[in-house]
Amino acid sequence: MAYEGLDFYNIDDLLTEDERTIRDTVRGWVSERVIPIIEGHYQAGTFPQELIREMGELGFLGANLPEEYGCAGLNNVCYGLICQELERGDSAIRSFASVQGSLVMYPIYAFGSEEQKRKWLPKLASGEAIGCFGLTEPDFGSNPGGMVTKAEDKGDHYLLNGAKMWITNGTIADVAVVWAKLDGVIHGFIVERGMEGFTAPEMKGKHSLRASITSELVFSDVRVPKENLLPGVKGLRGPFSCLNNARYGISWGALGAAMACFDSSKQYALSRIQFDKPIASYQLVQNKLAWMLREITKGQLLAWRLAKMKDDGTLIPQQISLAKMNNVDIALQIARVSRDIHGANGILGEYPIMRHANNLESVFTYEGTHDIHNLIIGRWITGIAAFE
Ligand code: TGC
Ligand code: FAD
């Protein structure tokens with residue numbers, strides 16, 4: 001039976017025909033190309049690289065950036081729906097698209113020179129080139145302002161030294177947008193694969209996002225040409241502006257994972273017989289399903305409203321924080337309850353549940369931990385920063 005999603009509050013009525021068509025295209029692609037192979041990649045700890053060019057051809061990469069640079073030029077509802085459907089497949093697939101589009105293409109588009117845009121955006125949009133985003137360091141995760149990676153002005157080039165950690169796509173990336181301090185102020189640099197002194201070893205041993213590549217980035221006296229500095233921004237506003245876009249996409253993406261867990265739970269509960277009846281006939285199980293539906297429906301309304309405000313240009317970062325923290329939180333809880341409904345079968349790769357639950361542990365932490373988003377909202381309410 002084809003996957004139909006969950007739409008208890010007729011949110012489809014709020015979408016245009018084009019938006020629904022795009023959602024259905026991504027949904028069909030995920031059913032056909034991602035779901036049959038993703039568990040194998042998860043078990044093997046590999047990313048399905050053959051999907052990258054397909055995602056490019058279908059317009060999933062940098063989907064909300066302008067057509068002028070080879071992108072699809074879609075609105076933010078479409079971008080959100082793409083994230084939702086990709087993450088129904090696996091958080092690794094949405095992560096790939098988030099990093100490529102929101103964290104690599106966006107800063108080049110928003111802060112890059114015209115030459116940088118022409119050189120990188122079409123290749124990144126088509127999937128011919130792969131990008132990564134280096135902000136986090138071993139000792140500076142939630143507090144990236146403390147970073148120690150630094151660039152020195154050497155006249156005709158910058159000399160880059162330092163290390164980044166937990167970088168999605170790092171090992172396979174052709175280009176890294178790296179944030180480093182130049183005279184104590186954070187700037188963005190385009191570091192290219194093959195530059196002498198730049199290595200990106202893969203991090204192994206993850207129990208979460210196993211179908212995603214996560215890497216260190218090591219810079220040892222890397223000579224970065226002057227023209228590779230992103231000229232349009234300095235300070236933390238640069239990386240945080242990228243995070244606004246990626247966090248926005250995650251708000252939608254987490255719903256995709258939650259909807260996959262709900263769908264599997266409903267089917268399982270209807271077919272699993274215990275004490276001579278389907279477990280779906282017991283009040284306790286119905287309570288769990290009703291709670292999932294309730295939380296997903298609220299999350300969908302948050303995401304849709306967020307998209308409208310983003311398209312109107314009225315969205316503030318604190319509103320993104322609310323949706324990111326809420327939707328990831330409920331998705332993670334739904335995945336855990338879903339595991340319970342599936343009983344022992346819930347731990348098997350035959351069902352997507354444990355994979356989503358484990359992935360969502362990372363999503364809860366990356367792009368600002370749950371509590372960092374609490375503190376961002378707390379600062380907005382009180383005017384008092386409680387980070388330190
Ligand atoms: P703070 O003093 O608040 O701000 C410093 C400057 O930045 C500006 N700013 C923003 N600008 C645009 N958008 C935002 N959301 C912004 N938030 C702050 C701010 O106006 C200020 O500008 P200026 O011109 O006055 O200097 O900075 P802080 O150091 O106190 O930091 C506050 C805090 C904790 C909220 C922040 O550091 C934070 O968000 N930490 C979390 C770090 C994080 O999210 N890292 C994510 C790394 S990337 C990643 O995880 C990718 S996973 C991808 C995947 O695989 O999908
Ligand atoms: P910490 O900052 O050490 O936090 C640990 C705990 O302390 C958390 O519970 C946190 O909420 C809490 N805490 C921290 N500060 C405070 C405070 N002031 N008040 C109260 N509680 C606090 N980064 C990139 O730059 N690029 C990427 O592509 C990328 N991809 C990632 C992929 C994966 C799979 C993962 C797991 C991470 C990725 N990250 C990436 C890194 C991610 O953004 C960081 O892990 C995240 O920002 C948190 O940093 P940390 O892990 O160092 O945790």
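Structure: see above.
Residues numbered from 1 in each chain as written. Chains lettered and ligands numbered in written order. Predicted model: local features only at pLDDT ≥ 70, side-chain atom pairs only at ≥ 80, totals over all residues. Heavy atoms only, no water.

**Q** Looking at this structure, I do not really get the site of ligand 2. What am I missing?
**A** Around ligand 2 lies a shell of 17 residues, among which Thr-136, Ser-142, Trp-166, Thr-369 and Phe-387 are the nearest. For ligand 2, an oxygen atom lies 3.0 Å from a polar atom in the backbone of Leu-135. Between ligand 2 and Phe-387 there is a distance of 2.8 Å, counted from a nitrogen atom to a backbone nitrogen or oxygen. Here ligand 2 has 980 Å² of accessible area as a free molecule, and 67% of this is covered by the chains. The set of elements that each furnish at least two residues to the shell around ligand 2 consists of strand 3 (157-168), helix 9 (353-365) and helix 10 (370-382). When residues in the shell around ligand 2 are grouped by element, the largest group, three residues, is from strand 3. Residue composition of the shell around ligand 2, grouped by class: eight nonpolar, seven polar and two charged. (Near = heavy atom within 4 Å. Polar contact = N/O pair within 3.5 Å; in protein donor to acceptor, adjacent residues only side chain to side chain. Areas by Shrake-Rupley, 256 points an atom, 1.4 Å probe, with all protein chains shown as cover. Helix = DSSP H or I, 4+ residues; strand = E, 2+ residues; numbered from the N terminus. Nonpolar A, V, L, I, M, F, W, Y, C, P; charged D, E, K, R; others polar.)

**Q** Explain the environment of Ala-129 to me, please; I cannot follow it from the model alone.
**A** In this fold, Ala-129 is placed in the loop between helix 5 (114-126) and strand 1 (131-134). For the pair formed by Ala-129 and Ala-173, sequence separation is 44 residues and the distance between their alpha carbons is 7.4 Å. Every residue in contact with Ala-129, bar those within four places of it in the chain, is listed here: Gln-100, Trp-120, Lys-123, Leu-124 and Asp-174. (Contact = heavy atoms within 4.5 Å.)

**Q** I'm lost on the site of ligand 1 in this one. Help?
**A** Taken together, 27 residues form the shell around ligand 1, and within it Ser-142, Thr-168, Asn-244, Arg-247 and Gly-368 come nearest. In the model, a nitrogen atom of ligand 1 is placed 2.9 Å from a nitrogen or oxygen of the Ser-142 main chain. Computed on the free molecule, ligand 1 has an accessible area of 1,200 Å², of which 71% lies beneath the protein chains in the complex. Going through the elements one at a time, helix 4 (91-111), helix 6 (237-271) and helix 10 are the ones with two or more residues in the shell around ligand 1. In terms of residue count, helix 6 provides more of the shell around ligand 1 than any other element does, six residues in total. The class makeup of the residues in the shell around ligand 1 is 13 nonpolar, nine polar and five charged.

**Q** I'm lost on the pattern of salt bridges in this one. Help?
**A** Pairs can form between side chains of opposite charge whenever their charged atoms are close. Applying the stated criterion to the full structure yields 19 salt bridges. In this structure, a network of salt bridges that share partners links the residues Asp-12, Arg-23 and Asp-24. (Salt bridge = Lys/Arg side-chain N within 4 Å of Asp/Glu carboxyl O.)

**Q** Help me understand the nonpolar core, please; the structure alone is not making it clear to me.
**A** Where a protein is soluble and globular, its nonpolar side chains tend to be buried together. By size, the foremost hydrophobic cluster in this structure holds 71 residues, and its most contacted members are Trp-29, Met-55, Leu-86, Ile-93, Phe-96 and Ile-334. Within the residue set of this core, elements represented by two or more residues are helix 1 (17-44), helix 2 (51-57), helix 3 (76-89), helix 4, helix 6, helix 7 (283-312), helix 8 (317-341) and helix 9. Ignoring anything within four residues of it in the chain, the contact list for Ile-334 reads Ala-258, Cys-261, Trp-291, Met-292, Glu-295 and Ile-296. (Core = buried A, V, L, I, M, F, W, Y, C linked by side-chain atoms within 4.5 Å. Buried < 20%, exposed > 50% of the residue type's maximum accessible area, 1.4 Å probe, protein only.)

**Q** Please explain the pairing of strand 1 as it appears in this structure.
**A** Residues in a regular strand point their side chains to alternate faces of the sheet. Burial along strand 1 is two-sided: Gly-131 and Phe-133 facing one way and Cys-132 and Gly-134 facing the other are all buried. Relative to strand 4 (residues 175-182), strand 1 runs parallel, the two sharing four bridges. Residue pairing in the sheet places Cys-132 in a bridge with Ala-176 of strand 4. (Pairing = 2+ DSSP bridges.)

**Q** Whenever I open this one, the packing of helix 4 against helix 5 confuses me. Can you help?
**A** Helix-helix packing is described using two parameters, namely the angle between the two axes and the distance between the axes. Where helix 4 contacts helix 5, the axes come no closer than 9 Å and their chain directions differ by 160°. When the axis of helix 4 is compared with that of helix 5, the two are roughly antiparallel. Pair helix 4 / helix 5 crosses with left-handed handedness. Contacts between helix 4 and helix 5 involve Gln-100, Val-104, Met-105, Ile-108 and Tyr-109 from the former and Gln-116, Lys-117, Trp-120, Leu-121, Leu-124 and Ala-125 from the latter. Here the residues of the contact of helix 4 with helix 5 sort into eight nonpolar, two polar and one charged. (Axes fitted to C-alpha atoms, helices over the stretch in contact; angles between N-to-C directions. Parallel < 35°, antiparallel > 145°, perpendicular 65-115°, else oblique. Left-handed = near helix turned anticlockwise from the far one by under 90°.)

**Q** Could you clarify how one ought to interpret helix 10 in this entry?
**A** Each α-helix winds once per 3.6 residues, and so residues spaced three or four apart point in a common direction. With 13 residues, helix 10 ought to run about 18 Å at 1.5 Å a step, and its terminal C-alpha atoms sit 18 Å apart, in line with that. Buried within helix 10 we find His-370, Ile-372, His-373, Ile-376 and Ile-377. For helix 10, the elements touching its buried residues are helix 6, helix 8 and helix 9. Positive phi shows up at Gly-383, right after helix 10, with a value of about 80°. (Expected span 1.5 Å × (residues − 1).)

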